[in-house]
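Letter by letter, the chains look like this.
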Amino acid sequence: DNYGNKDTPVFGYQIEAFQGHHASPWTITNRGLFNNISRPAIVGIPMLALMLIFHTPVAVGSFLYTTVTLSMLAQEFHKWSHNPRPSGPIKFLMDTGLLVSTKVHGQHHRSPFEGNYCIVSGWCNSFLDETRFFRKLEWLVYKVTGNAPICWDLDPSLRVEALGESA
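Calculation notes
Residues numbered from 1 in each chain as written. Predicted model: local features only at pLDDT ≥ 70, side-chain atom pairs only at ≥ 80, totals over all residues. Heavy atoms only, no water. Helix = DSSP H or I, 4+ residues; strand = E, 2+ residues; numbered from the N terminus. Buried < 20%, exposed > 50% of the residue type's maximum accessible area, 1.4 Å probe, protein only. Contact = heavy atoms within 4.5 Å. Areas by Shrake-Rupley, 256 points an atom, 1.4 Å probe, with all protein chains shown as cover. Lys, Arg positive; Asp, Glu negative; His and termini not counted. Charge placed at Lys NZ, Arg CZ, Asp CG, Glu CD. Patch = residues over 30% accessible without salt bridge, like charges linked within 9 Å, V, L, I, M, F, W, Y side chains within 5 Å. Salt bridge = Lys/Arg side-chain N within 4 Å of Asp/Glu carboxyl O. Axes fitted to C-alpha atoms, helices over the stretch in contact; angles between N-to-C directions. Parallel < 35°, antiparallel > 145°, perpendicular 65-115°, else oblique. Nonpolar A, V, L, I, M, F, W, Y, C, P; charged D, E, K, R; others polar.

A. Region of interest: the overall build of the chain. In terms of helices and strands, the chain carries nine helices and zero strands. Listed N to C, the secondary structure of the chain is α-α-α-α-α-α-α-α-α in terms of helices and strands. With the C-alpha coordinates of the chain rotated into their principal frame, the extents come out at 55 × 40 × 30 Å. Across the 167 residues of the chain, 28% fall into the buried class. Considering only residue pairs separated by 6 or more positions, the chain has 48% of its internal contacts joining residues 24 or more positions apart. When the accessible area of the chain is evaluated, it comes to approximately 10700 Å², of which 66% is carbon and sulfur surface. Both charge centroids of the chain, one from 13 positive and one from 13 negative side chains, sit 5 Å from each other.

B. Spotlight on a nonpolar patch on the surface. On the surface, F133, L137, W139, L140 and V144 cluster together into a nonpolar patch covering about 470 Å² of accessible area. By the element assignment, L137 lies in helix α7 (residues 133–145). By relative accessible area, L137 is classed as partly exposed at 37%.

C. Here's a closer look at the pattern of salt bridges. Overall, the coordinates contain six salt bridges when judged by the stated rule. Close ionic contact of D7 with K6 constitutes a salt bridge, the shortest N to O distance being 3.5 Å. On the basis of relative accessibility, which here comes to 59%, the residue D7 falls in the exposed class. Between E138 and R135 there is a salt bridge; the shortest N-O distance is 2.7 Å.

D. Fine view of the packing of helix α2 (residues 33–53) against helix α3 (residues 58–80). Between α2 and α3, whose axes approach to 9 Å, the crossing angle comes to 175°. By the angle between their directions, the pair α2 and α3 is classed as roughly antiparallel. Of the residues in α3, those touching α2 at L33, N36, I37, P40, A41, G44, I45, M47, L48 and M51 are G61, L64, Y65, V68, S71, M72, Q75, E76 and K79. Looking at side-chain class alone, the contact of α2 with α3 contains twelve nonpolar, five polar and two charged residues.

Below, the structure is given as structure tokens:
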């Protein structure tokens, strides 16, 4: 969400999609299931095929299968968090906190887009935001690469917070 643009090598298309999603977050609700999960499937399904071809140990295979399946489902769960009127079962899962609600996920879609990154259940959002996890990660990326996140341009106080500078 916060680094690069469409011209970034290798990941430019994905970065552009993430940033475009912030500009028009509701458009995700217009995607069908297979269109929505296709990106994680493009990576995950070949991994599963290789796992079968090379007779991966059961523990490793189970881990990979679970990871790939949940990655695809996470994309669909994220889509549901953009629906202003989720259906009964989905609303129940949101009301019980098993899935992030539309209201809670909406906090992530407010400029400067610098927190509430957990898009499935949101359980870790408070901890990660309150411990300044992302500011610390931004500091590390900046110190190692010199690249500043986009959110620092949108809200200069985030740069001050991350780098420990005085205002």
